Amino acid sequence: MTGALASSADMPVVIRRLWKSFGSNEVLKGISLSVERGEVVAIIGPSGSGKSTLLQCINFMEPFDEGDVLIDGRPIGLIHSTGGIRRRMSERDLNKLRREIGIVFQQYNLFPHLTVLANIIEAPVHVLGLPRAEAIERARFQLRKVGLHGKEDAFPGELSGGQQQRVAIARALAMQPKVMLFDEVTSALDPELVGEVLASMRLLAEEGMTMIVVTHEMAFAREVADRVIFMDGGMIVESGDPREFFSNPQHERSKAFLKRLLSHGDDTQDAA
Amino acid sequence: MDFQLDIFLAALPSLLRGAKVSAGLALVSILLGFVIGIIGGVCRISRNPVLRYGALGYVTVMRCVPLLVTLMFLYYGLPSAGILLEPYTVAILALSAVNGAYVTEIIRAGILSIDLGQMRAARSLGMSYSQAMRRIILPQAVRRVLPPITNESLTLVKNTALVSTITISDLLRSGLEVMTWKANTFSPFAGVALIYILMTLPLVWLNSALETRYRIR
Ligand SMILES: Nc1ncnc2c1ncn2[C@@H]1O[C@H](COP(=O)(O)OP(=O)(O)O)[C@@H](O)[C@H]1O
Ligand SMILES: [Mg+2]
């Protein structure tokens, strides 16, 4: 966790001193985080603390200002050109790196004009260039894993929120990414549908997928994550073993956040 | 003010020939206008300023100049600059250009109405901007704006009447010719109007069918 430079090639994700602002609003203030292969990192923190922005910076959907993000040891987004000035990498190289990063959003973002199967094979066929038959096989495999075998021909609009979110997970997995990012994927769901999505994520964690999970599901963070990170005001305030963090938070801000959560019970609504 | 069935019937074959010309011009211009509109709509929201302002300029000119003036300029104005175009070429150029401009604005609005998360999801899967636009955004946007596009097509069918001013024997001009032979104005005009109604009614129905369909969904 010290993020030694030499070992960064073994790390699916290395983030070093990441800074990002929207205009004059500094949203990320020097975030550093290294994630080991197979590790599940849960990120928690109040609304507006920069969690979504951090995930969006990892695949450079939000360009960051300073720092590095390395995917499997390769820098994404900004590259050094001769003269020491950094410039945006070519879109082609960026698209290639993005294939290796799966992301699931709070709002599912399934393609409503395509069936479940077409949603999942879209990128494998048109980005990876897989033969259709092979992509379909992959899609069916992933659908079975998220418990949606038989829903191939449904349209997203015909599914429940929980089912749509599991399709979104299957869609990301069909690209066989090196790391999966989850951005409050259960926050938009009716309470009774949260469990089925978390179960799929738990299964994925057990299979050894490297995961960064922004969540308000504290039970999930405690039981599934290898490490919990508490973010506030664009910084990592505290980072540690989940059991330790939840039973004995060190920082005042972590304590206040957990206390506020407990007093609200399980009602952890949060606008993204 | 006298409807004479015999004159009406005698005029009919000539009117139908003209109607075929009008319908043909409309069909070609609707299709070309759609292609222009897709390209124009994508250019209107492009990050490239040349494409963005180029498309804006095109749309603005086509919206502000009367179609009749465009037609006459291309047909009577350009020859003095040494450019001679066939009447049909002029008609299709002018009609598709004006239709394309309106469809450009419609498609642009359609693209902007699609949730930003769609583009984000597509790009996150490794798609290029143009792939995401072609395969994810445009199919949804076009579906959503089919009713206004149908409406524009209806306007275009009626606007084809203007090509009668550049010597094309469309429906209106055929009617005018019959009037001169037969020295009766009422019956041929009634026939012309009736045929325009028959050509546009299907579009009116299509438009309301699409609108109800999208209201229900
Ligand atoms: N696209 C954007 N443009 C401008 N400001 C943004 C944008 N996205 C997020 N922000 C701002 O960045 C801050 C962090 O937002 P976000 O990363 O969404 O936080 P979180 O996910 O922790 O709730 C907020 O103040 C938010 O208003
Ligand atoms: Mg958020």
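Residues numbered from 1 in each chain as written. Chains lettered and ligands numbered in written order. Predicted model: local features only at pLDDT ≥ 70, side-chain atom pairs only at ≥ 80, totals over all residues. Heavy atoms only, no water.

Colleague: So what exactly am I meant to see when it comes to the interface of chain A and chain B here?
Modeller: In many reports, interface size means the accessible area that the parts give up when they come together. Contacts between chain A and chain B engage 22 residues on the former and 18 residues on the latter. Where chain A abuts chain B, roughly 1,800 Å² becomes buried across the two surfaces, and 57% of that area is made up of carbon and sulfur atoms. Where chain A meets chain B, there are two salt bridges. One salt bridge in this structure joins Glu91(A) and Arg123(B), with 2.8 Å as the shortest N-O distance. Across the contact surface, chain A and chain B share ten residue pairs in polar contact (both at pLDDT 80 or more). Listed by contribution, the elements that provide at least two residues to the side of chain A that touches chain B are helix H2 (91-98), strand S8 (101-104) and helix H3 (116-126) of chain A. (Contact = heavy atoms within 4.5 Å. Buried area = accessible area lost by both parts, 1.4 Å probe. Salt bridge = Lys/Arg side-chain N within 4 Å of Asp/Glu carboxyl O. Polar contact = N/O pair within 3.5 Å; in protein donor to acceptor, adjacent residues only side chain to side chain. Helix = DSSP H or I, 4+ residues; strand = E, 2+ residues; numbered from the N terminus.)

Colleague: Help me understand the packing of H3(A) against helix H4 (residues 132-145) of chain A in this model?
Modeller: Axis angle and axis distance: for two packed helices, these are the angle between their axes and the distance between the axes, and together they describe the pair. All names here are of chain A. Two elements in contact, H3 and H4, have axes separated by 9 Å at closest approach and are oriented at 125°. Here H3 lies oblique to H4, going by the angle between them. Taken as a pair, H3 and H4 cross one another with a handedness that is right-handed. Contacts from Val116, Leu117, Ile120, Ile121, Pro124 and Val125 of H3 reach H4 at Arg132, Ala135, Ile136, Ala139 and Leu143. Its residues assigned to classes, the contact of H3 with H4 comprises ten nonpolar, no polar and one charged. (Axes fitted to C-alpha atoms, helices over the stretch in contact; angles between N-to-C directions. Parallel < 35°, antiparallel > 145°, perpendicular 65-115°, else oblique. Left-handed = near helix turned anticlockwise from the far one by under 90°. Nonpolar A, V, L, I, M, F, W, Y, C, P; charged D, E, K, R; others polar.)

Colleague: Would you mind showing me how to read the pairing of strand S12 (residues 235-240) of chain A here?
Modeller: Moving residue by residue along a regular strand, the side chains alternate between the two faces of the sheet. All names here are of chain A. Examined bridge by bridge, strand S11 (residues 227-232) and S12 share five bridges and lie antiparallel to one another. Bridge assignment links Asp232 to a residue of S12, and that residue is Met235. Hairpin remark: S11 followed by S12, antiparallel, with two residues in the connecting loop; positive phi at Gly233, about 60°. (Pairing = 2+ DSSP bridges.)

Colleague: What exactly am I supposed to notice about the environment of Met201(A) here?
Modeller: Residues and elements named next belong to chain A. Within the element layout of this structure, Met201 appears in helix H6 (residues 191-206). Residue classification places Met201 among the buried positions, given a relative accessible area of 1%. Setting aside residues up to four positions removed in sequence, Met201 forms contacts with Ile169, Phe182, Val185, Met211, Val213 and Phe220. (Buried < 20%, exposed > 50% of the residue type's maximum accessible area, 1.4 Å probe, protein only.)

Colleague: Explain the sheet that holds strand S4 (residues 66-71) of chain A here, please?
Modeller: Strand pairing within a sheet occurs via backbone hydrogen bonds; the two strands may be parallel or antiparallel. Residues and elements named next belong to chain A. Taking strand neighbours across the sheet as the criterion, the four strands line up as S2-S1-S4-S5 in an open arrangement whose pairing is antiparallel. Across the chains shown, the open sheet's two edge strands, defined by having one partner strand only, are strand S2 (25-35) and strand S5 (74-75). Taken together, the eight bridges between strand S1 (residues 13-22) and S2 define a ladder with antiparallel strand orientation. When the sheet's bridge partners are listed, Ser21 is paired in S2 with Glu26.

Colleague: Please explain the layout of surface pockets as it appears in this structure.
Modeller: Where empty space is left in the structure can be found by rolling a water-sized probe over the atoms. The space that makes up the largest pocket amounts to roughly 1,100 Å³. Contributing to the lining of the largest pocket are 45 residues, with Met61(A), Glu62(A), Leu116(B), Met119(B) and Arg120(B) lying nearest its centre. Elements represented by at least two residues in the lining of the largest pocket include exactly helix H1 (51-58) and H2 of chain A together with helix H1 (5-44), helix H4 (87-113), helix H5 (116-124) and helix H6 (129-144) of chain B. If one sorts the elements of the lining of the largest pocket by residue count, H5(B) sits on top with five residues. Counted by class, the lining of the largest pocket contains 21 nonpolar, twelve polar and twelve charged residues. (1 Å grid on protein atoms, 1.4 Å probe; cavity = no way out; pocket = protein on both sides within 12 Å on 5 of 7 lines; lining within 4 Å. Points joined across faces, edges and corners; volume = space filled by probe spheres on them.)

Colleague: Teacher, can you tell me more about the nonpolar core here?
Modeller: Among the nonpolar cores identified, the biggest contains 57 residues, and Ile15(A), Leu18(A), Ile58(A), Ile76(A) and Ile107(B) are the most heavily contacted of them. It is H6(B) that contributes the most residues to this core, seven residues altogether. The contact partners of Ile76(A), leaving out residues within four places of it in the chain, are Ile58(A), Asn59(A), Phe60(A), Phe64(A), Val69(A), Ile71(A), Met89(A), Leu94(A), Leu97(A) and Ile101(A). The next biggest cluster of nonpolar side chains, apart from the first, holds 53 residues, and it includes Ile120(A), Leu198(A), Phe246(A) and Leu261(A). (Core = buried A, V, L, I, M, F, W, Y, C linked by side-chain atoms within 4.5 Å.)

Colleague: Mind showing me how you'd approach a negative patch on the surface here?
Modeller: Residue and element names in this part refer to chain A. Side chains of Glu36, Asp226, Asp241 and Glu244 sit close together on the surface and give a patch of like negative charge. Relative to the elements of secondary structure, Asp241 occurs in the loop between S12 and helix H8 (242-247). The class for Asp241 is partly exposed, based on a relative accessible area of 36%. (Patch = residues over 30% accessible without salt bridge, like charges linked within 9 Å, V, L, I, M, F, W, Y side chains within 5 Å. Areas by Shrake-Rupley, 256 points an atom, 1.4 Å probe, with all protein chains shown as cover. Lys, Arg positive; Asp, Glu negative; His and termini not counted. Charge placed at Lys NZ, Arg CZ, Asp CG, Glu CD.)

Colleague: Which parts of the structure should I look at to understand the site of ligand 1?
Modeller: Residues and elements named next belong to chain A. Close contacts around ligand 1 come from Phe22, Asn25, Val27, Pro46, Ser47, Gly48, Ser49, Gly50, Lys51, Ser52, Thr53 and Glu62, and that covers them all. Separating an oxygen atom of ligand 1 from a backbone N or O atom of Ser49 is a distance of 3.2 Å. Gly50 places a polar main-chain atom, nitrogen or oxygen, 3.0 Å from an oxygen atom of ligand 1. Relative to its unbound accessible surface of 560 Å², ligand 1 loses 63% to contact with the protein. Looking at which element gives the most residues to the shell around ligand 1, the answer is H1, with three residues. (Near = heavy atom within 4 Å.)

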